[in-house]
Amino acid sequence: MVSFAATSVSTKQDFLPLKGTDHVEFYVGNARQAAYFYRAAFGMSLAAYSGPETGRRDRTSYVVEQGKIRFVFTTSLRPGTPIAVHVARHGDGVRVIALEVDDAHAAWRETTARGGISVAEPAETEDEHGRVITASIATYGDTIHTFVERCGYNGAFLPGFRAEQPDTVARPTGLKHVDHMVGNVGWHAMNKWVDFYAKVMGFQLYQHFDDNDISTEYSALMSKVMANGNGFVKFPINEPAEGARKSQIEEYLDFYGGPGVQHIALATDDILATVSRMQKQGVEFLTIPHSYYTDLSKRVGQIDEPVEELERLGILVDRDDEGYMLQIFTRPVEDRPTLFYEIIQRKGSRSFGKGNFKALFEAIEREQALRGNL
Ligand code: FE2
């Protein structure tokens, strides 16, 4: 069953106040080309760069932005470095989920005092645009959280990065902000990581789904959504559940080489325009059978968007007692069947599309079968 946790504001002091997602850093095999894909297909603009030309000899990083979304693509310039080892094991994937805070020292102190494992102690960097303090702790797999305190910094990204010229490659698609980021963890590990977010980071259980909600003829998974005190940051955690065939979560774990970020949901105010644009620019989405749309109006009632348009683009709709939401999922954006994206538009609903799970997972399984992994 699905449950909504109480949403009343906690009277307890939030020991880890978060201002939102600062950036997401990916370790990739070729950062220049990865950044190009996100600029040309997702419509993000190249904002900043660091590498040998800026005095960083071991790696290059490209920062791309759209709305409040900021992605950083980093590659190792030499074999055998921690970045190169990460890429060799996982393929291209998310290394850092960075969260903006007012006090990075306090964020690191409070989380490590509660059992969080330190990856980097608070450190200050500085250039002519100001100073920034960062600190990092470990989360699932090889993924880390970095706390970023910007101290009024007014440079392009972080000290050591140079600002880039206005981007002539970027073709904006209307993406606004990160809605949620989902982690896949191993068998029976979901509750361990739910406890980590509750105890170490002060998050609360927001919604949960069991294998009765998320199962098809072939496979199943379980999911719990954790949210921080102000609800700006939401991290659903998935684990595989027993089914007749291999779960999509197991496929991910096999190909990623362990736990990691499964999908990033990006919000838009106009999903029809955003998805049309992205499709034209080469982003591939999961296809949904005609039968999904024949009884859509009966299921979700009156909506603003024409059903024929939703069907043409493959957009899913779900309603709860607060409103409705529209969502669509890309195919994996890399050769390994690991990371994919969700594009989401919320019209009142705070849900994650429970009514679409069956149609969605059947679409994923059709692709899994084509890869010979079901
Ligand atoms: Fe999602």
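Residues numbered from 1 in each chain as written. Predicted model: local features only at pLDDT ≥ 70, side-chain atom pairs only at ≥ 80, totals over all residues. Heavy atoms only, no water.

### Comments concerning the overall build of the protein
Moving on, step 1. Looking only at helices and strands, the protein features 10 helices and 18 strands.
Moving on, step 2. Against the 2.2 N^0.38 benchmark of 21 Å for 374 residues, the protein shows a C-alpha radius of gyration of 20 Å, consistent with a compact globule.
Moving on, step 3. Projecting the C-alpha coordinates of the protein onto the three principal axes gives extents of approximately 60 × 50 × 40 Å.
Moving on, step 4. Across the 374 residues that make up the protein, the buried fraction comes to 55%.
Moving on, step 5. A sequence separation of at least 24 residues applies to 68% of the contacts in the protein between residues at least 6 apart.
Moving on, step 6. If you sum the accessible surface of the protein, you get close to 16300 Å²; carbon and sulfur atoms cover 50% of it.
Moving on, step 7. Charge-centre separation for the protein: the mean point of 40 positive side chains lies 2 Å from the mean point of 50 negative side chains. (Helix = DSSP H or I, 4+ residues; strand = E, 2+ residues; numbered from the N terminus. Rg over C-alpha atoms; globule rule 2.2 N^0.38 Å. Buried < 20%, exposed > 50% of the residue type's maximum accessible area, 1.4 Å probe, protein only. Contact = heavy atoms within 4.5 Å. Areas by Shrake-Rupley, 256 points an atom, 1.4 Å probe, with all protein chains shown as cover. Lys, Arg positive; Asp, Glu negative; His and termini not counted. Charge placed at Lys NZ, Arg CZ, Asp CG, Glu CD.)

### A few points about the nonpolar core
The nonpolar side chains of soluble globular proteins are, as a tendency, buried together.
Moving on, step 1. If you look at the biggest cluster of nonpolar residues, it comprises 96 residues, and the most contacted ones within it are Phe26, Phe71 and Ile264.
Moving on, step 2. The biggest single contributor to this core is helix H10 (residues 357-370), with 6 residues.
Moving on, step 3. Both domains that meet at this core, namely domain 1 (12-163) and domain 2 (175-371), each give it at least three residues.
Moving on, step 4. Phe71 has contacts with Val24, Phe26, Tyr38, Met44, Tyr62, Val63, Val64, Ile264, Leu266 and Tyr341, leaving out every residue within four places of it along the chain.
Moving on, step 5. If you look at the next biggest cluster of nonpolar residues, it comprises 12 residues, including Ala98, Val132, Ile144 and Leu158. (Core = buried A, V, L, I, M, F, W, Y, C linked by side-chain atoms within 4.5 Å. Domains from an automatic or database assignment.)

### What to know about the packing of aromatic side chains
Moving on, step 1. Counting across every chain of the model gives 26 aromatic pairs.
Moving on, step 2. The interplanar angle of 40 degrees and the centroid separation of 6.1 Å between the aromatic rings of Phe71 and Tyr341 together place this pair among those described as tilted. Placement of Phe71 in strand E5 (residues 69-76) and of Tyr341 in strand E18 (residues 340-347) is noted, with a sequence separation of 270 residues between them.
Moving on, step 3. Measuring from ring centre to ring centre gives 6.2 Å for Phe329 and Phe340, while their planes differ by 65 degrees; the resulting arrangement is edge-to-face. In this pair, Phe329 is assigned in strand E17 (residues 323-329) and Phe340 in strand E18, connecting sequence segments 11 residues apart. Like Phe340, Phe329 is buried.
Moving on, step 4. Here the aromatic cluster, defined as three or more aromatic residues joined through ring pairs, consists of Phe26, Phe37, Tyr38, Phe42, Phe71, Phe73 and Tyr341. (Phe/Tyr/Trp six-rings, centres within 6.5 Å; stacked < 30°, edge-to-face > 60°.)

### Some thoughts on the domain arrangement of the protein
Moving on, step 1. Domain annotation for the protein reports domain 1 (12-163) and domain 2 (175-371).
Moving on, step 2. The partner domain 2 presents 39 residues to the 44 residues of domain 1 that form the contact.
Moving on, step 3. Counting every contact that joins domain 1 to domain 2 gives 0 salt bridges.
Moving on, step 4. Sorting the residues of the side of domain 1 that touches domain 2 by element identifies strand E2 (20-27), helix H1 (31-40), E5, helix H2 (82-90), strand E6 (93-100), strand E8 (130-138) and strand E9 (144-149) as the ones contributing at least two each. (Salt bridge = Lys/Arg side-chain N within 4 Å of Asp/Glu carboxyl O.)

### Description of unusual backbone geometry
Moving on, step 1. Unlike most non-glycine residues, Cys151 shows phi in positive territory, near 45 degrees.
Moving on, step 2. With respect to the secondary-structure elements, Cys151 resides in the loop between E9 and strand E10 (162-163).
Moving on, step 3. Phi is positive for His188, which is not a glycine, with a value near 60 degrees.
Moving on, step 4. Checked against the element boundaries, His188 lands in the loop between strand E11 (175-184) and helix H4 (190-199).

### A short note on the sheet that holds E5
Moving on, step 1. Read across the sheet, 9 strands follow the order E7-E8-E9-E6-E2-E5-E4-E3-E10 without closing on themselves; strand pairing throughout is mixed. Pairing within the sheet leaves two strands with one partner each, and these edge strands are strand E7 (118-127) and E10.
Moving on, step 2. When E7 meets E8, the two strands line up antiparallel, connected through 7 bridges. Within the sheet, the bridge partner assigned to Glu126 lies in E8 and is Arg131.
Moving on, step 3. The strands that helix H3 (residues 104-113) touches are E7, E8 and E9; relative to E8, the one it contacts most, it runs at about 10 degrees. (Pairing = 2+ DSSP bridges. Axes fitted to C-alpha atoms, helices over the stretch in contact; angles between N-to-C directions.)

### Quick word on the pairing of strand E13 (residues 220-227)
Side chains on a regular strand alternate between the two faces of the sheet.
Moving on, step 1. For E13, the tally of buried residues reaches 7 of 8 residues, placing the bulk of the element in the interior.
Moving on, step 2. Bridge count between strand E12 (residues 204-209) and E13: 5 bridges; the pairing is antiparallel. Of the residues in E13, the one forming a bridge with Leu205 is Met226.
Moving on, step 3. Pairing between E13 and strand E14 (residues 234-241): 8 bridges, direction antiparallel. Directly across from Ser223, in E14, lies its bridge partner Asn238.
Moving on, step 4. A loop of 6 residues connects E13 with E14, the two strands running antiparallel in sequence, and Gly231 in this loop sits at a positive phi of about 75 degrees.

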